[in-house]
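Residue-level listing of the chains:
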Amino acid sequence: MKEFRNPPNVHQPLGSYSHQIEITGSERMLVLSGQVGIREDGSVPEDPIEQIDAAFENIFRNLQAANMGVKDIIKLTYYLVGEIDTAKRRELVASKLEGHQPCSTLLYVAALASPMYKVEIDAWASSAD
């Protein structure tokens, strides 16, 4: 079972995430490598918001291959290079997560594996009820 919580003695989340998720009972875990903003056709958009969109599509394809969905995501870690419009990023993430609020960490980093990548997102998922 997954229990999503925001303890009353911790500030409210600043975006589409939960402060903690406790998993108990029988579970199946899926850990994804960081997904960069490469589209299915191999192209990499220059716009970092479009890279976030492509990275999420890659996450969703990985989840689908494991018979999981967005509601199974329990942790997302975002690695961003340079300033990315916060409002646009939050709006896109909220639309991708469809109201789901997994745990989340966001880091600004100097660089990723290639200068063309401005975004990398890694994900953990659990199929616990």
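Provided above is the structure to which this section pertains.
Before going into details, it helps to say that this report is about the structure given with it. Here the residue numbering is sequential within each chain, running from 1 through the sequence in written order. Side-chain atom pairs in this predicted model are given and counted only at pLDDT of 80 or more, local residue features only at pLDDT of at least 70, and totals for whole chains, interfaces and linings cover all residues. Hydrogens and water molecules were not included; the side-chain quantities draw on all heavy atoms of the structure.

1. Some points on the overall build of the protein
Just so we agree on the cut-off: Starting at the N terminus, helices and strands are each numbered in turn, a helix being any DSSP run of H or I of at least four residues and a strand any DSSP run of E of at least two. It is over C-alpha atoms that the radius of gyration is taken, and the globule rule equals 2.2 Å times the number of residues to the power 0.38. Here the term buried applies to any residue with accessible area under 20% of the maximum for its type, exposed to any over 50%, and partly exposed to those in between, with areas from a 1.4 Å probe on protein chains only. Contacts are residue-level and defined by heavy atoms, with any inter-residue pair within 4.5 Å sufficient. Residue-level accessible areas treat just the shown protein chains as cover; the underlying method is Shrake-Rupley with a 1.4 Å probe. Charged-residue counts in this description rest on Lys and Arg as positive and Asp and Glu as negative, His and the chain ends being excluded. We put the charge of a Lys on NZ, of an Arg on CZ, of an Asp on CG and of a Glu on CD.
Assigned secondary structure in the protein consists of 2 helices and 7 strands. Reading the protein from its N terminus to its C terminus gives the helix and strand order β-β-β-β-α-β-α-β-β. Computed over the C-alpha atoms, the radius of gyration of the protein is 15 Å, within 12% of the 14 Å expected from 2.2 N^0.38 for a compact globule of 129 residues. Over its C-alpha atoms, taken along the principal directions, the protein stretches across nearly 40 × 35 × 25 Å. Burial statistics for the protein: of 129 residues in total, 41% are counted as buried. A separation threshold of at least 6 residues defines the contact pool for the protein, and within that pool the share at least 24 residues apart is 74%. Here the protein displays about 7,200 Å² of accessible surface, and carbon together with sulfur accounts for 51% of that area. Taken together, the 12 basic and 18 acidic charged side chains of the protein have centroids lying 2 Å from each other.

2. Section: the nonpolar core
Put simply, the rule reads: Think of a nonpolar core as a cluster: buried Ala, Val, Leu, Ile, Met, Phe, Trp, Tyr and Cys residues, connected wherever their side-chain atoms sit within 4.5 Å.
Ranked by internal contacts, the top residues of the largest apolar core, which has 24 residues, are I52, F56, I59, L63, I73, L76 and I121. Elements supplying a minimum of two residues to this core: α1 (48-65), β5 (73-81), α2 (86-97) and β7 (119-126). Per element, the largest residue contribution to this core is 7 residues, and it comes from α1.

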